[in-house]
Protein chains: 2
Amino acid sequence: MQPPANVLQHIARHIDLEPAEEKCFLDMLSPRSLKARELLLDEGEVCRHSAFVTRGCLRGYTIDQNGYEHVLQFAPPNWWIADMYSLITQKPGTLIIEALEDSEVLLLSKTDQEQLYRDVPQFERFFRIITENSLVTNRQRVLDNLSLTASQRYEAFCHRYPTLIDTLPQKQIAAYIGVTPEFFSKMKAGLKK
Amino acid sequence: MQPPANVLQHIARHIDLEPAEEKCFLDMLSPRSLKARELLLDEGEVCRHSAFVTRGCLRGYTIDQNGYEHVLQFAPPNWWIADMYSLITQKPGTLIIEALEDSEVLLLSKTDQEQLYRDVPQFERFFRIITENSLVTNRQRVLDNLSLTASQRYEAFCHRYPTLIDTLPQKQIAAYIGVTPEFFSKMKAGLKK
DNA sequence: GCCAGCCAATAACCTAGATTAAGAAGCCAT
DNA sequence: ATGGCTTCTTAATCTAGGTTATTGGCTGGC
């Protein structure tokens, strides 16, 4: 399990808020607890919230035509998670968001988020910045998938999610770096030699 | 070659500006012409501008340890291109941005962009939105790389860049979908049957 | 204390796509 | 037109990683 997280500290890393603005923001958040394996969002649903993780760990993944899972993102405390496509378009998405262990999140609804942009324009900046960072990470991942071997991608994973290496089942890591659990096992055995 | 593009029309799709604000923005842009194969940004340089393409076509790519090229993005008219990582951190990046044909771009420097955020806060929103869209696209691409075969990725490419299918050399498309030009050629021959 | 589900490991075999090499075909610029 | 590029194609061989199947260990609920 991860240490608890504080939203305001997280936000203060990018923008400065007045106490009243902080309150306005906090009032929009609704806490929610999730049991291990509980879904925050299922395939085919419209994503109506961004979630900020305060405890536990979630993952966002999809299931392909052959039934294989592919993990797009892990979300330990202090990370945001949502089906960005569905959140923007308000159309049904393909992402499944699931708690990997008992977890707690703060939900910010899309309508509240839009209201927030109007009331506290600084949040426009805040979400621009974290979206930019997320984009950089994703671009690097595209590159990694194009140019690295499986074990190099595993190294990259260890670098990106150092806290998760030992707590996560191997099959989840395999579904993130893009190999089968069988090959992942073989690969790890080979790495030690 | 692509039709010419208009920045203001492009921006008006997401935000409404006063004439004075439009002028403020336009004054920050400096046009630049590029010959085919000319570089807008080389490996190891610090990226100091975002570029909006008005004519021609650019590509952003990297070269891996084995000397293979991997295309992260094509930029036909009306697209922005930059090494986001380097632009944010102002550290040397790995992206190479090259004109694939004679092209024209409008450059917005990082310092001007930051000034713009202060002078016309609406641009904070504008760039948040296009960054969000870009993120959605990139996430889909990660998924495509994890779950699709080469020819399915080619289909996805055709869908994403319909105007480029016939104008681009095959090797560039191969470097985008993540196969060798040799395999791409074999694959295309196979598709017709 | 036992059964049911996970999860990891190993092994034999299989395939998508890489590698290497060689020509053929287009496209300039002189 | 001709020599030098770059691009495209074909083909033989090779390999990273997938597939299928079996085993055994661990955990958690009743």
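Figured I'd write up the structure that's included with this text. (Residues numbered from 1 in each chain as written. Chains lettered and ligands numbered in written order. Predicted model: local features only at pLDDT ≥ 70, side-chain atom pairs only at ≥ 80, totals over all residues. Heavy atoms only, no water.)

Moving on, we come to the side chain of B:Q113. All names here are of chain B. Looking at where Q113 falls in the secondary structure, it is placed in helix α4 (residues 110-119). By relative accessible area, Q113 is classed as buried at 8%. At 3.0 Å, the side chain of Q113 and the side chain of Y117 are in polar contact. If we skip the residues at most four places from it in the chain, Q113 touches S50, L87, L108 and F127. (Helix = DSSP H or I, 4+ residues; strand = E, 2+ residues; numbered from the N terminus. Buried < 20%, exposed > 50% of the residue type's maximum accessible area, 1.4 Å probe, protein only. Polar contact = N/O pair within 3.5 Å; in protein donor to acceptor, adjacent residues only side chain to side chain. Contact = heavy atoms within 4.5 Å.)

As a further point, take the protein's contact with DNA strand C. Contacts to DNA strand C come from 16 residues, most closely from A:Q170, A:K171, B:Y68, B:A150 and B:T180. Here a phosphate oxygen of DNA strand C sits 2.8 Å away from a polar atom, N or O, in the main chain of A:Q170. A:K171 is positioned such that a nitrogen or oxygen atom in its side chain is 3.2 Å from a phosphate oxygen of DNA strand C. Elements with a contribution of two residues or more to the surface near DNA strand C: α7 (170-177) and α8 (181-192) of chain A together with α6 (150-160) and α8 (181-192) of chain B. (Near = heavy atom within 4 Å.)

Turning our attention to the relation of the copies chain B and chain A. Copy one and copy two of the chain differ by a rotation about a common axis and a shift along it. Of the transformation placing chain B onto chain A, the axial shift is 0.0 Å and the rotation is 180°, giving an RMSD of 0.0 Å. Such a combination of turn and shift is consistent with a two-fold rotation axis. Residue B:R128 of chain B places its C-alpha closer to the rotation axis than any other residue of that unit, at 2.2 Å. Interface residue correspondence from chain B to chain A reaches 100%, placing this contact among same-surface, isologous pairings. (Least-squares fit on C-alpha atoms with pLDDT ≥ 70 in both.)

Attention now goes to the protein's contact with DNA strand D. Neighbouring DNA strand D are 17 residues; A:Y68, A:A150, B:Q170, B:K171 and B:S185 lie closest to it. Sugar and phosphate atoms constitute 76% of the interface atoms of DNA strand D, taking the interface as everything within 4 Å of the protein. At 3.1 Å, a backbone N or O of A:A150 approaches a phosphate oxygen of DNA strand D. With respect to DNA strand D, the backbone of A:T180 contributes an N or O atom lying 3.2 Å from a phosphate oxygen.

In terms of burial, α7(A) is a largely internal element, six of the eight residues being buried. Immediately downstream of α7(A), the backbone of A:G178 shows phi near 90°, a positive value.

On to the packing of aromatic side chains. All names here are of chain A. Tallied over the entire structure, the rule returns 32 aromatic pairs over all chains. Where F74 meets Y176, the ring centres are 5.5 Å apart and the plane angle is 25°; that geometry is what we call stacked. Of this pair, F74 sits in strand β5 (residues 69-75) while Y176 sits in helix α7, and the two are 102 residues apart along the sequence. Considering the side-chain rings of F126 and F127, the 5.0 Å spacing of their centres and the 80° angle between planes classify their relative orientation as edge-to-face. We classify F126 as buried; its relative accessible area is 0%. (Phe/Tyr/Trp six-rings, centres within 6.5 Å; stacked < 30°, edge-to-face > 60°.)

Here we take up the sheet that holds strand β7 (residues 96-99) of chain B. With antiparallel pairing, the four strands of this open sheet are ordered in space as β2-β7-β4-β5 (chain B). Here the strands that pair on one side only, and so sit at the sheet edges, are β2 (39-41) and β5 (69-75) of chain B. Sheet twist, expressed as the mean angle between neighbouring strand axes with direction ignored, is 30°. Against the sheet, helix α5 (residues 122-147) of chain A touches β4 (58-63) and β5 of chain B, its axis set at about 140° to β5(B). (Pairing = 2+ DSSP bridges. Axes fitted to C-alpha atoms, helices over the stretch in contact; angles between N-to-C directions.)

To continue, consider unusual backbone geometry. All names here are of chain B. Of note in the backbone geometry, R37 takes a positive phi value of approximately 75° without being a glycine. For R37, the location among the structural elements is in the loop between β1 (30-34) and β2. The class of R37 is exposed, set by a relative accessible area of 69%. Positive phi, close to 80°, is recorded for N78, a residue that is not glycine. Examined against the element boundaries, N78 turns out to sit in the loop between β5 and β6 (80-81).

Here we come to the sheet that holds strand β1 (residues 30-34) of chain A. Residues and elements named next belong to chain A. Pairing in this open sheet of four strands is antiparallel, and the strands run β1-β8-β3-β6 from one edge to the other. Of all strands in the sheet, those with a lone pairing partner are β1 and β6 (80-81), marking the two edges. When strand β3 (residues 49-55) meets strand β8 (residues 103-109), the two strands line up antiparallel, connected through six bridges. When the bridges of β8 are listed, V53 appears paired with V105. The sheet contacts of helix α4 (residues 110-119) involve β3 and β8, and relative to β8 the element is tilted by about 60°.

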